[in-house]
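# Notes for the structure review
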Amino acid sequence: MNFLEKGLCKQSETALHTHDSLCFKRCRRKWWLSSPFSKHLQPKASVIGTNPHLWFGSAIHWAMEDYHGLNKFGNPMEAFTAYVEAFDPVELPANSDELIPLGMQMLEYYTEWEAEHAKWKTVWLNGVPLVEVKFSLVVQELCYYEYDGDRYFALTGDASNGGWVGKTTGQLMSTEELNNIEAPYHQVVFHGTMDRVVEDEHGHWWVLDYKTAKAVDTGKLSLDPQISKYCWAAEQLSLIHI
């Protein structure tokens, strides 16, 4: 669902995602090959097979989206089963015989835990549940003009002020000058999907994110780059106030 968006998705834009910035920190070579800021190459599933981690995470997220949203299937286990059955057997991961029962057990445990412990509920806005909320936000500070082999960034991070400076040359140019010479303008747009926006018993809204991992380090939660970015995005979209 794309009902919460700021900024336009254009062919000329540079798309920024959380996984791209994480890849930049972990492995510059992998980032250089895969990032939309660079070569933007992606592995072919037909060659390397279906990524089991990605498939499993997507299946769990799809089940949770339905369960805490429109709940067409009545419970997440039924939704998970429907997701699995939508695939041709040859499209399933090689270890699907292990992943499918694991997913069912996880969701069964979750429903029991959630019924006893959860003190929050899905926020509905204009008749729509805020689950799998896709958003696009223009990051003005990173947008730039391209001219004569250099990139020109806004002096104050605010393009409305009209002053632009070359990253390499330090040359100053106005918006009018750059437009007159038809310098290409590149938007940098941060894209993401919030798993769920919830309201607690005090009426406060929170961004909730699901993780399918072997272990979770709660000690680094306050520094987690994804949830930090998503909280910022939710504030920009007036969903929550930080």
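Please refer to the structure higher up on the page.
Rules of the game
- Numbers given to residues run from 1 along each chain, matching the order in which its sequence is written.
- With the structure being a predicted model, the display of local features is reserved for residues of pLDDT at least 70 and the display and counting of side-chain atom pairs for 80 or more, all residues being used for whole-chain, interface and lining totals.
- Hydrogen atoms and water are omitted, and side-chain values are computed over all heavy atoms in the structure.
- A fitted line through C-alpha atoms represents every axis, and for helices the fit uses only the stretch in contact; the resulting angles, taken between N-to-C directions, go from 0 to 180 degrees.
- The way it works is that DSSP assigns letters per residue, a run of H or I at least four long becomes a helix, a run of E at least two long becomes a strand, and they are numbered from the N terminus.
- Reported orientations rely on four angle classes, namely roughly parallel under 35 degrees, roughly antiparallel over 145, roughly perpendicular from 65 to 115, and oblique for the rest.
- Helix crossings fall into two classes, left-handed where the near helix is turned counterclockwise from the far one by less than a right angle and right-handed where it is turned clockwise.
- By the convention used here, residues are in contact when the closest approach between their heavy atoms is within 4.5 Å.
- Three classes are used, and their members are as follows: Ala, Val, Leu, Ile, Met, Phe, Trp, Tyr, Cys and Pro are nonpolar, Asp, Glu, Lys and Arg are charged, and the others, Gly among them, are polar.
- To estimate the expected span of a helix, subtract one from its residue number and multiply by 1.5 Å.
- Counted as a polar contact is a pair of N or O atoms within 3.5 Å, where, for protein atoms, one must be capable of donating a hydrogen and the other of accepting one, and residues adjacent in sequence contribute only when both atoms are in side chains.
- A patch consists of residues exposed above 30% relative accessible area that lack any salt bridge, with like charges linked at up to 9 Å and nonpolar side chains (Val, Leu, Ile, Met, Phe, Trp, Tyr) linked at up to 5 Å.
- Only the protein chains shown count as cover for residues, and the accessible areas themselves come from Shrake-Rupley with a 1.4 Å probe.
- We count a salt bridge whenever a side-chain nitrogen from Lys or Arg sits within 4 Å of a carboxyl oxygen from Asp or Glu.
- Burial classes: relative accessible area under 20% of the type maximum marks a residue as buried, over 50% as exposed, and values in between as partly exposed (1.4 Å probe, protein chains only).
- Pairing of aromatic side chains requires ring centres within 6.5 Å, counting the rings of Phe and Tyr and the six-membered ring of Trp. Pairs whose planes differ by under 30 degrees are stacked, by over 60 edge-to-face, and all others tilted.
- Only when the NZ of Lys or the CZ of Arg is both within 6 Å of the ring centre and within 35 degrees of the ring normal is a charge said to sit over the ring.
- In this scheme, strands are said to pair when DSSP sees at least two bridges between them.

Their axes nearest at 9 Å, the elements helix H5 (residues 76-85) and helix H6 (residues 96-117) cross at an angle of 160°. In terms of orientation, H5 and H6 fall into the roughly antiparallel class. Like other packed secondary-structure pairs, H5 and H6 cross with a definite hand, here right-handed. Listed contacts from H6 to Pro 76, Met 77, Phe 80, Thr 81 and Val 84 of H5 are Leu 99, Ile 100, Gly 103, Met 104, Leu 107, Glu 108 and Thr 111. Class assignment of the residues belonging to the contact of H5 with H6 gives a composition of 8 nonpolar, 3 polar and 1 charged.

A separate point is helix H8 (residues 225-236). For H8, spanning 12 residues, the distance from its first C-alpha to its last is 17 Å, which sits close to the expected 16 Å at 1.5 Å a residue. In the core, the buried residues of H8 are packed alongside helix H1 (18-26), strand E5 (131-138), strand E11 (188-200) and strand E12 (205-208). Put simply, Asp 224 is the residue that caps the front of H8, since its side-chain oxygen is 3.1 Å from the backbone nitrogen of Gln 226. Within two residues after H8, Ser 238 carries a phi angle of roughly 65°, on the positive side.

Side chains of Trp 32, Leu 33 and Leu 41 sit close together on the surface and give an oily, nonpolar patch of about 300 Å² of accessible area. Within the fold, Leu 33 resides in helix H2 (residues 28-34). The partly exposed category is assigned to Leu 33, whose relative accessible area is 34%.

A separate point is the packing of aromatic side chains. Scanning all chains against the criterion turns up 16 aromatic pairs. Ring geometry for Tyr 147 and Tyr 152: centres 6.3 Å apart, planes at 50°, overall tilted. Here the aromatic residues Trp 55, Trp 62, Phe 73, Tyr 83 and Phe 87 are joined through ring pairs into a cluster of three or more. Positioned above the aromatic ring of Phe 24 is the side chain of Arg 28, whose terminal nitrogen or guanidinium carbon lies 3.7 Å from the ring centre.

Turning next to the pattern of salt bridges. For the structure shown, the criterion picks out 1 salt bridge. We note a salt bridge from Asp 209 to Lys 211, for which the minimum N-O separation is 3.1 Å. Since its relative accessible area comes to 23%, Asp 209 is described here as partly exposed.

Here we come to the environment of Cys 23. Locating Cys 23 in the fold gives a position in helix H1. Here Cys 23 falls in the buried class, since its relative accessible area comes to 13%. Counting along the chain gives 11 residues from Cys 23 to Ser 34, while the straight-line C-alpha distance between them is 8.9 Å. Those residues in contact with Cys 23, other than ones at most four positions away along the chain, are Arg 28, Lys 30, Trp 31 and Ser 34.

Okay, the sheet that holds strand E10 (residues 185-186) next. Within the open sheet, the 5 strands sit side by side as E9-E8-E7-E6-E10. Their pairing is antiparallel. Sheet topology places strand E9 (172-174) and E10 at the edges, where each strand pairs with a single neighbour.

As a further point, take the packing of helix H4 (residues 52-67) against H6. Put simply, H4 and H6 touch, their axes get as near as 11 Å, and they point 35° apart. As for the relative orientation of H4 and H6, their crossing is right-handed in sense. Taking contact as the criterion, the partners of Pro 52, Trp 55, Phe 56, Ile 60, Ala 63, Met 64 and Tyr 67 in H4 are, on H6, Leu 99, Ile 100, Leu 102, Gly 103, Met 106, Leu 107, Tyr 110, Thr 111 and Glu 114. For the contact of H4 with H6, the per-class residue count stands at 13 nonpolar, 2 polar and 1 charged.

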